[in-house]
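Coordinates in review
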Amino acid sequence: MPLLKIVHYPEPVLLTVGRPVSDEMFANGLAKTVDDMFETMYAAGGVGLAAPQVGLSQRFFVMDVPDEDGKPNKLAFFNPEILRVEGEQTGDEGCLSFPGLYQTVRRDMRVIVKAQDVQGTDIELDLDGLAARCVLHETDHCDGIVFLDRMTVLKREMAKRKIKRLQKTGKWE
Ligand code: NI
């Protein structure tokens, strides 16, 4: 199965609010799209991948933040909505649409997120740590927000300079 093409910043689709996933789309079936997205995400070595990153301006994403014992934890979220947040965490973050860029980003430590699963059934999850960070990062993608927007001004300027350097050396297209 061919992998999907991951688009890189500053592709306009990454900066556009995604359309809600409609009842018709659920009825037509989204399992294959989800499979393709997982495969693309694993091949690229990521823990999350949102529809806009593969050129689809829609509100959904897949993620797999393994358990402490390394057991996979495959989840797909459609029309995600952050209901509650608590605490905070600071750590390095990367994004498959920003190849080679890692930067410190402050995020909420815990999230309660409401969404629909691949069948369109309502789900609600309570996640913390890296899983919470991932949900926040990917839900941002659904809103046309990239992690650059979540950095401090100083870190964002550093990141933009690094992106320019990577673009010049052809490591970013
Ligand atoms: Ni990302």
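In what follows, the structure referred to is the one given above.
Residues numbered from 1 in each chain as written. Predicted model: local features only at pLDDT ≥ 70, side-chain atom pairs only at ≥ 80, totals over all residues. Heavy atoms only, no water.

1. Quick look at the pairing of strand β6 (residues 110-116)
Of all the 7 residues making up β6, 5 are buried; the element is thus mostly covered by neighbouring parts of the structure. Bridge count between β6 and strand β7 (residues 122-128): 7 bridges; the pairing is antiparallel. Looking at the pairing, isoleucine 112 lines up with aspartate 126 of β7. Joining the antiparallel neighbours β6 and β7 is a turn of 5 residues, in which glycine 120 adopts a positive phi near 95°. (Buried < 20%, exposed > 50% of the residue type's maximum accessible area, 1.4 Å probe, protein only. Helix = DSSP H or I, 4+ residues; strand = E, 2+ residues; numbered from the N terminus. Pairing = 2+ DSSP bridges.)

2. A closer look at the coordination of the nickel ion
Cys95 (SG), His137 (NE2) and His141 (NE2) make up the full set of protein donors to the nickel ion, lying at 2.1 to 2.2 Å. Mapped onto the sequence, the residues coordinating the nickel ion show the spacing C-x41-H-x3-H. Linking cysteine 95 in the loop between β4 (89-93) and β5 (103-107) with histidine 141 in helix α3 (residues 129-142), this pair joins segments that are 46 residues apart in sequence. On the accessibility criterion, cysteine 95 (9% relative accessible area) is buried. Owing to a relative accessible area of 0%, histidine 141 belongs among the buried residues under this scheme. (Donors = N, O, S within 2.8 Å, 3.2 Å for Na, K, Ca; no water.)

3. Comments concerning the side chain of histidine 137
Mapped onto the secondary structure, histidine 137 falls in helix α3. Using a relative accessible area of 6% as the deciding quantity, one classes histidine 137 as buried.

4. Comments concerning the environment of tyrosine 9
Relative to the helices and strands, tyrosine 9 resides in the segment before α1 (23-28). For tyrosine 9, a relative accessible area of 18% corresponds to the buried category. With 87 residues separating them along the chain, tyrosine 9 and leucine 96 place their C-alpha atoms 9.5 Å apart. Not counting residues within four places of it along the chain, the set of residues in contact with tyrosine 9 comprises Leu14, Leu15, Ser97, Phe98, Val146, Leu148, Lys160, Ile163 and Trp172. (Contact = heavy atoms within 4.5 Å.)

5. A few points about a positive patch on the surface
Among the surface-exposed residues, Lys160, Arg161, Lys162, Lys164, Arg165 and Lys168 lie close enough to one another that they form a single positively charged patch. By the element assignment, arginine 161 lies in helix α4 (residues 153-168). Exposure remark for arginine 161: the relative accessible area of 51% places this residue in the exposed category. (Patch = residues over 30% accessible without salt bridge, like charges linked within 9 Å, V, L, I, M, F, W, Y side chains within 5 Å. Areas by Shrake-Rupley, 256 points an atom, 1.4 Å probe, with all protein chains shown as cover. Salt bridge = Lys/Arg side-chain N within 4 Å of Asp/Glu carboxyl O. Lys, Arg positive; Asp, Glu negative; His and termini not counted. Charge placed at Lys NZ, Arg CZ, Asp CG, Glu CD.)

6. Some details on the sheet that holds β7
Taken together, 5 strands build an open sheet; the order of strands is β1-β2-β3-β6-β7 and the sheet is antiparallel. Sheet topology places β1 (48-50) and β7 at the edges, where each strand pairs with a single neighbour. Pairwise comparison of adjacent strand axes, ignoring direction, gives a mean angle of 40° for this sheet. Across the sheet, helix α2 (residues 31-44) touches β1, β2 (60-64) and β3 (74-86), and the angle it forms with β2 is around 50°. In this fold α3 packs onto β1, β2, β3, β6 and β7, with an angle of close to 160° to the strand it touches most, β2. (Axes fitted to C-alpha atoms, helices over the stretch in contact; angles between N-to-C directions.)

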